[in-house]
Amino acid sequence: MTRQALIIDCDPGVDDAVALMLAFASHELELLAITTVGGNAGVEKTARNARMMRQIAGRGDVPVHAGAAQPLVRDPIDAGEFHGPEGLGHLAPFEPEVPLAEGHAADAIVDLVMARPQGSVALAVMGPMTNLALALRRAPHLAERLGPVVVMGGARSEGGNITPSAEYNIWADPDAAAEVFASGCRITVLGLDATHQVRATEDRIARIEAIRTPSSDAAAAMLNFSRTVERTIVGWDAAPLHDPCTIAWLLRPKLFELRPCRIDVETTSDLTRGHTAVEFRVDPETARHHWAVSADGEGVFDIIATTLEAAR
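Below: a short report on this structure. (Residues numbered from 1 in each chain as written. Predicted model: local features only at pLDDT ≥ 70, side-chain atom pairs only at ≥ 80, totals over all residues. Heavy atoms only, no water.)

## A look at the packing of helix H5 (residues 130-138) against helix H8 (residues 174-181)
Filter applied, for reference: For helices, the fitted line uses only the C-alpha atoms of the stretch in contact; every axis is such a line through C-alpha atoms, and the angle between N-to-C directions lies from 0 to 180 degrees. Secondary structure elements are defined from DSSP: runs of H or I of at least 4 residues count as helices, runs of E of at least 2 residues count as strands, and each element is numbered from the N terminus. Angle categories are assigned with fixed cut-offs, so that under 35 degrees is roughly parallel, over 145 is roughly antiparallel, 65 to 115 is roughly perpendicular, and the rest are oblique. Crossing chirality is assigned from the near helix's rotation relative to the far helix, an anticlockwise turn below a right angle marking it left-handed and a clockwise turn marking it right-handed. The contact definition used throughout considers only heavy atoms, calling two residues in contact when any of these lie within 4.5 Å.
Contact geometry of H5 with H8 gives a least axis separation of 8 Å together with a crossing angle of 50°. Looking at the two axes, H5 sits oblique to H8. Handedness of the crossing formed by H5 with H8: left-handed. Residues Thr-130, Leu-132, Ala-133, Leu-136 and Arg-137 of H5 form the contact with H8, whose participating residues are Ala-176, Glu-179 and Val-180.

Here's what the structure looks like:
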């Protein structure tokens, strides 16, 4: 079986942690590296949290590179109210055994992509796009070298989760997102319109809890924390599962309905900072962006559960 080479750029974050567990467990993915960015928590914590998940999953073979500590031109603002002060809910932090890999995340992205055939390395971006923007500044031709780029971010019909029109990952560094969307990269975008259709219901969490491995236990703990937070802050019974949708799309793209489009990001207005303007009136043959308009929530949870079960 040919495996998809993949770099994951993330800011763990409880839903990032579930996505990492899914990717670590998948036999269909060749994980080249995890790169981390400041976002849901500060960059020191996100780099530690990625290494914690790596150790729990028993995947010390995958290097973790720390990246940007703050947005391109703005002050960082974390999302601790949704992820806990350490970024991983109630999971007690610990210092992982394997240290960070040398080199900045943006440099690692460039070097790893350039070392492989054109179009062969996928990139899943689960946090602010700062690292990818920096990588593209260093090597603009990276846009043509990258394979599938899948991003969790943005909102259209669902509205935002930070402001009425902005989703956190885009809002946290809108300038980076604007640069990435303008770079020429072919990008699949899984925004709130799709991820709000993927809900961590009690039955779905129970299926993952029943697997009883370190990875599934960690994933279930993240999902239960998210569910409690959503009930408390938002009032929803089941929390949406955002970041793991990127890995699910790579593994089972038919779980998502995509439409070709052009995406621009608002960077100048304080009122609409981070708004994703999704324009569907484009030529499908030349469109560089694709927006997810729907997702099969049951299918996404099925691929998470079956992949974690198979890795026992």
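Let's pick the thread back up.
## Some details on the state of the cysteines
Selection criterion: Cysteine sulfur atoms are paired as a disulfide whenever they fall within 2.5 Å. Think of it in three bands: residues with accessible area under 20% of the maximum for their type are buried, residues over 50% are exposed, and the middle band is partly exposed, with areas taken using a 1.4 Å probe on protein chains only.
Within this structure, the stated rule accounts for zero disulfides. Cysteine Cys-10 is unpaired, with the sulfur of Cys-245 as its nearest cysteine sulfur at 15 Å. A relative accessible area of 0% means that Cys-10 is categorised as buried.

## Details of the packing of aromatic side chains
Put simply, the rule is: Only Phe, Tyr and Trp rings take part, Trp by its six-membered ring, and two of them pair if their centres are within 6.5 Å. Stacked means planes under 30 degrees apart, edge-to-face means over 60, and tilted covers everything else.
Per the counting criterion, the structure on display carries one aromatic pair. Ring geometry for Tyr-168 versus Trp-171: centroids 6.3 Å apart, planes at 40°, classification tilted. In this pair, Tyr-168 and Trp-171 both sit in helix H7 (residues 168-172), three residues apart, roughly one turn of the helix. By relative accessible area, which is 6% here, Tyr-168 ends up buried. The buried category is assigned to Trp-171, whose relative accessible area is 13%.

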